[in-house]
Amino acid sequence: MRVDLHMHTEYSVDAAQPQSAADKVRACIGAGLDIIGITDHWDYFRTRGPSENRDVEACLRDIRAAKQAFAGEIEVLTGIEIGEPYVDPAADEFLRTHELDMVIGSLHVMPDDIDIYFHDYETLDCDAFLHSYFDELLKMEAHGGFDVLAHIDYPLRVMKHEGYVPSFDQYMDRIEQVLRACIDRGYALELNAAGLGGWMKQVGPPQNILYEYRRMGGERISIGSDSHTLDTVGRGLDDCIRNARAAGFDSVTVFRNRRPEQVALG
Ligand SMILES: [Zn+2]
Ligand SMILES: [Zn+2]
């Protein structure tokens, strides 16, 4: 099965408009995908209410309508990408009261409400920042509420600057903690293709991390393009499949009604 379990529509504030759920599904059919998860943003914050979605209720309604409308042509999973579900009890309430197939858990903002994308890495202590990143990831994993652990390589994509090339190689003890919690809590570790568009020019996480996850007993992976435009659905899927196979995975975990099922990689 060809899957893409992480993508955004016009409801996500950082995605291209117009880009309805139905537009997105048509693009996915055109790209030859069999199972997709539409996972718009819904981020929680420490100092303000949740946002990053133009209208989360309408968003989920549109995804469910597209799921029905295209049944038989492609399987559409109703999803959401929850940011920082551990910082606001309202996140738990939201998840309790909405019917979803899959929930992606993401760490976007830290240590305060500033996105990892927007920090000034030229002036801050990058080593201390990465340690607090792993601390926050562990807090998010311990809190739970989600099915897929998203893009753990996000800082690597955005921290590069003059004289500093970010790497997790010096932090494998911290990575092991994150992977251990991922395995023990049953999350699927996400292979995310967004790195293809940046300086890394490759899908994440770095392959040695995927090897380590497998060696530690990890069995669940997810795959997502993190597409924010109609022309990027399915992006990096073949790279993700190649990396997954090289690390010993022959299936991907698909969550339906929040329950995991293994689907053959293809
Ligand atoms: Zn994200
Ligand atoms: Zn995303």
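In case you missed it, the structure is sitting above this.
> Just to check I follow, could you spell out the overall build of the chain for this structure?
Assigned secondary structure in the chain consists of eight helices and nine strands. Across its three principal directions, the C-alpha atoms of the chain cover 50 × 45 × 35 Å. Scored against the burial criterion, the 266 residues of the chain give a buried share of 57%. Taking contacts inside the chain between residues at least 6 apart in sequence as the whole, the part at least 24 apart equals 72%. Surface exposure of the chain reaches about 10,800 Å², of which carbon and sulfur atoms provide 48%.

> Mind showing me how you'd approach the coordination of the zinc ion (ligand 1) here?
The expected angle between donors at a tetrahedral four-coordinate metal is 109.5 degrees. At an octahedral six-coordinate metal it is 90 or 180 degrees. Summarising the metal site, the zinc ion (ligand 1) is bound by the protein donors Glu81 (OE), His108 (NE2) and His151 (NE2), whose distances to it range over 2.0 to 2.2 Å. The distance between the zinc ion (ligand 1) and the zinc ion (ligand 2) is 3.6 Å, with glutamate 81 acting as a donor to both metals. One end of the pair, glutamate 81, is in strand β3 (residues 75–83); the other, histidine 151, is in the loop between β5 (148–149) and α5 (154–158), and 70 residues separate them in sequence. Across this residue pair, the class does not change: glutamate 81 and histidine 151 are buried.

> Looking at this structure, how should I read the coordination of the zinc ion (ligand 2)?
Only His6 (NE2), His8 (NE2), Glu81 (OE) and Asp226 (OD) from the protein reach the zinc ion (ligand 2) as donors, at distances of 2.1 to 2.2 Å. Here the zinc ion (ligand 2) is ringed by four donor atoms whose angles at the metal span 81 to 170°, and the overall shape comes out irregular.

> Is there a simple way to explain the pairing of strand β8 (residues 251–256) in this structure?
Two faces belong to every sheet, and in a regular strand the side chains alternate between them. Among the six residues in β8, five count as buried, and that is most of the element. Bridging between β8 and strand β9 (residues 259–264) involves six bridges; their strand directions are antiparallel. Of the residues in β9, the one forming a bridge with threonine 253 is glutamine 262. Between β8 and β9, which follow one another and run antiparallel, lie two residues, and asparagine 257 among them has a positive phi close to 50°.

> Teacher, can you tell me more about the side chain of asparagine 243 here?
Mapped onto the elements of the fold, asparagine 243 is located in helix α8 (residues 237–246). Not counting residues within four places of it along the chain, the set of residues in contact with asparagine 243 comprises Leu191, Val203, Gln207 and Leu210.

> Is there a simple way to explain the side chain of asparagine 192 in this structure?
Along the polypeptide, asparagine 192 turns up in strand β6 (residues 188–192). Overall, the relative accessible area of 0% leaves asparagine 192 in the buried class. Discounting residues that sit within four places of it in the chain, asparagine 192 has contacts with His6, His151, Arg157, Val203, Gly204, Gly224 and Asp226.

> What is the right way to read the sheet that holds strand β2 (residues 35–43) from this model?
Pairing in this open sheet of seven strands is parallel, and the strands run β1-β2-β3-β4-β5-β6-β7 from one edge to the other. Across the chains shown, the open sheet's two edge strands, defined by having one partner strand only, are β1 (3–4) and β7 (221–224). Bridge analysis of strand β4 (residues 102–106) against β5 gives two bridges, and the strand direction is parallel. Its bridge partner being in β5, glycine 105 is matched across the sheet by leucine 149.

> Even after reading the chapter, I still don't get a nonpolar patch on the surface, so can you show me in this structure?
Judged by side-chain polarity, Ile114, Tyr117 and Phe118 come together as a nonpolar surface patch covering roughly 360 Å² of accessible area. Assignment of secondary structure puts isoleucine 114 in the loop between β4 and α4 (126–143). Here isoleucine 114 falls in the partly exposed class, since its relative accessible area comes to 38%.

Procedures and definitions
- Residues numbered from 1 in each chain as written.
- Chains lettered and ligands numbered in written order.
- Predicted model: local features only at pLDDT ≥ 70, side-chain atom pairs only at ≥ 80, totals over all residues.
- Heavy atoms only, no water.
- Helix = DSSP H or I, 4+ residues; strand = E, 2+ residues; numbered from the N terminus.
- Buried < 20%, exposed > 50% of the residue type's maximum accessible area, 1.4 Å probe, protein only.
- Contact = heavy atoms within 4.5 Å.
- Areas by Shrake-Rupley, 256 points an atom, 1.4 Å probe, with all protein chains shown as cover.
- Donors = N, O, S within 2.8 Å, 3.2 Å for Na, K, Ca; no water.
- Tetrahedral: all angles 85-135°; square planar, octahedral: opposite > 155°, others 65-115°.
- Pairing = 2+ DSSP bridges.
- Patch = residues over 30% accessible without salt bridge, like charges linked within 9 Å, V, L, I, M, F, W, Y side chains within 5 Å.
- Salt bridge = Lys/Arg side-chain N within 4 Å of Asp/Glu carboxyl O.

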